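Per-entry structural report
Listed below, chain by chain, are the residues.
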There are 2 protein chains.
Amino acid sequence: MTVPQAVDIAGKFALFAERWRPKIVAQLNGQDVRLVKVQGVFPWHSHADAEEMFLVWKGRFRVEFRDRVVELGPGQMLVVPRGVEHRTAADAEAEVMIFEPSEVVNTGDAAVSAFTAPAGERI
Amino acid sequence: MTVPQAVDIAGKFALFAERWRPKIVAQLNGQDVRLVKVQGVFPWHSHADAEEMFLVWKGRFRVEFRDRVVELGPGQMLVVPRGVEHRTAADAEAEVMIFEPSEVVNTGDAAVSAFTAPAGERI
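Since the model is a prediction, treat every value here as computed from it, not as a measurement.

Basis of the calculations
- Residues numbered from 1 in each chain as written.
- Chains lettered and ligands numbered in written order.
- Predicted model: local features only at pLDDT ≥ 70, side-chain atom pairs only at ≥ 80, totals over all residues.
- Heavy atoms only, no water.
- pLDDT = per-residue confidence, 0-100.
- Contact = heavy atoms within 4.5 Å.
- Buried area = accessible area lost by both parts, 1.4 Å probe.
- Salt bridge = Lys/Arg side-chain N within 4 Å of Asp/Glu carboxyl O.
- Polar contact = N/O pair within 3.5 Å; in protein donor to acceptor, adjacent residues only side chain to side chain.
- Helix = DSSP H or I, 4+ residues; strand = E, 2+ residues; numbered from the N terminus.
- Nonpolar A, V, L, I, M, F, W, Y, C, P; charged D, E, K, R; others polar.
- Pairing = 2+ DSSP bridges.
- Buried < 20%, exposed > 50% of the residue type's maximum accessible area, 1.4 Å probe, protein only.
- Phe/Tyr/Trp six-rings, centres within 6.5 Å; stacked < 30°, edge-to-face > 60°.
- Lys NZ or Arg CZ within 6 Å of the ring centre and 35° of its normal.
- Least-squares fit on C-alpha atoms with pLDDT ≥ 70 in both.

A closer look at the confidence of the model for chain A
Of all residues in chain A, 98% attain a pLDDT of 70 or more, and the chain-wide mean is 95. Complex prediction metrics read pTM 0.95 and ipTM 0.94.

Structural data, given as C-alpha cells:
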C-alpha cells in the first residue's frame, strides 16, 4: 500500500517554472490531479470522452468557448463538458489545478503541437 | 448541454453552516467535488472501492489512520487509498474540499449514524 502523504500545493507549484506542462500531483479513481502554470493562449480543442475541471490557484485565468468567455480568479473553478470546444488563456502567469481522467491529453483533439504535454509527468 | 458556470468555492462555503454534511458543487467523469465543514471527530470507516481526496480550504484538519496521523492546513491535500481505515478530525472548524466517486457514502463501511450524510445534496 502507498503510504498516504500530505501534498502542499503551493510547494509543488514552486518546483517548476515551465508553462502549459501539467504535472501530476495525485491520482485517484482513474483521475489525475494536475498542476499547470499558464500564460498566453492555448489552442482550441475538445475532449470527446472527458469532462475537465479547472480550479484557479493564483492569478487570473479564462476559459474561452466559441460563444462566450468565463473569467476565473483564485478559488474559482469551472467544469468543461465533454465534447465542447474550448481554449484557455491568461494575460499574466496563472497557476491552475486540473482534475480529469488520467488518459486525457492536454491538447485533446487538436493536432500535436508544441503545446502537447508529455503524458504522465509527475512532480 | 449544461452551460459551464464559474463556481466560487468561498462563496459556496458561505451558503451553509452545518457540519459533516458534504455538498456537491460539481460532478465530472463519475466523480463528485464536495465541500464540507467539519469540527470534532468523525467515525472510523473505509471505502472498499474508492480513493478519497481531501483538500483543505480553511483551518486545520487531520486524517487519522490506525498507525499515524496526517495534519493538513490550507492548500494541503491527501489521498486516502481504497480500503484503508481512517477518520477525519478538526479541533476548530475547518473547510475541506473532497474529490471522490459520486457513489461514495461519507461514512463508508461504518454503520449508518448521525454522521451519515444524505446522498446527492447539491449547493
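What follows continues from the structure just given.
Side note on the interface of chain A and chain B
Between chain A and chain B, the contact holds 38 residues from the first and 38 residues from the second. When chain A packs against chain B, the two sides together hide about 2800 Å² of surface, and 67% of this comes from carbon and sulfur. It is P4, N29 and M77 of chain A that lose the most area in chain A upon contact with chain B, and together they represent 22% of the buried surface on that side. The tally of links from chain A across to chain B stands at zero salt bridges. Here chain A and chain B share twelve residue pairs in polar contact (both at pLDDT 80 or more) between them. For the side of chain A that touches chain B, the elements supplying multiple residues, two or more each, are strand 1 (7-8), strand 2 (23-28), strand 3 (31-41), strand 4 (52-58), strand 6 (69-72), strand 7 (76-80) and strand 8 (86-101) of chain A. Of the residues belonging to the side of chain A that touches chain B, the class tally is 24 nonpolar, seven polar and seven charged. As judged from the two bridges shared by strand 7 of chain A and strand 1 (residues 7-8) of chain B, these two strands associate in the antiparallel manner. In the sheet register, M77 of chain A faces strand 1 of chain B, and the bridge partner there is V7 of chain B.

Section: the pairing of strand 5 (residues 61-65) of chain B
All names here are of chain B. Extensive coverage of strand 5 is indicated by the burial of five of its five residues. For strand 5 and strand 6 (residues 69-72), the ladder comprises four bridges, and the chain directions are antiparallel. Looking across to strand 6, one finds that R62 is bridged to E71. Turn length for the strand 5-strand 6 hairpin, with the two strands adjacent in sequence and antiparallel, is three residues. Strand direction decides the pairing type here: strand 5 and strand 8 (residues 86-101), joined by four bridges, are antiparallel. Within the sheet, the bridge partner assigned to E64 lies in strand 8 and is R87.

Let's talk about the pattern of salt bridges
Taken as a whole and judged by the stated rule, the model has 22 salt bridges over all chains. The closest approach of N and O atoms between E95 of chain A and K37 of chain A, which form a salt bridge, is 3.9 Å. With a gap of 58 residues between them, E95 of chain A in strand 8 and K37 of chain A in strand 3 connect regions that are remote in the sequence. The residues E95 of chain A and K37 of chain A share a single accessibility class, namely buried. With a shortest N-O distance of 3.0 Å, D32 of chain B and R34 of chain B are connected by a salt bridge.

Things to note about the packing of aromatic side chains
Applying the stated criterion to the full structure yields twelve aromatic pairs over all chains. With a centroid separation of 6.1 Å and 35° between ring planes, the pair formed by F13 of chain B and F16 of chain B is classed as tilted. The exposure class of F16 of chain B is buried, given its relative accessible area of 8%. Note on W20 of chain B and F42 of chain B: the rings are 5.0 Å apart at their centroids and 35° apart in plane angle, and the pair reads as tilted. Of this pair, W20 of chain B sits in the loop between helix 1 (9-13) and strand 2 (23-28) while F42 of chain B sits in the loop between strand 3 (31-41) and strand 4 (52-58); the two residues are 22 residues apart in sequence, bridging distant segments of the chain. In this structure W20 of chain B comes out as buried when scored by relative accessible area, which is 9%. Of the residues examined, F42 of chain B reaches a relative accessible area of 5% and is grouped as buried. What links up through ring pairs into an aromatic cluster is the set W20, F42 and F115 of chain A. Against the face of F16 of chain A rests K37 of chain A, its NZ or CZ located 5.2 Å from the ring centre. Across from the ring centre of W44 of chain A, 3.9 Å away, lies the NZ or CZ of R66 of chain A, which sits over that ring.

Examining the relation of the copies chain A and chain B
Once turned by 180° and shifted 0.0 Å along the axis, chain A lies on chain B with an RMSD of 0.0 Å. Interpreted geometrically, this transformation is the action of a two-fold axis. Interface overlap between copies is the fraction of interface residues in one copy that are interface residues in the other; for chain A against chain B it reaches 100%, indicating a shared surface.

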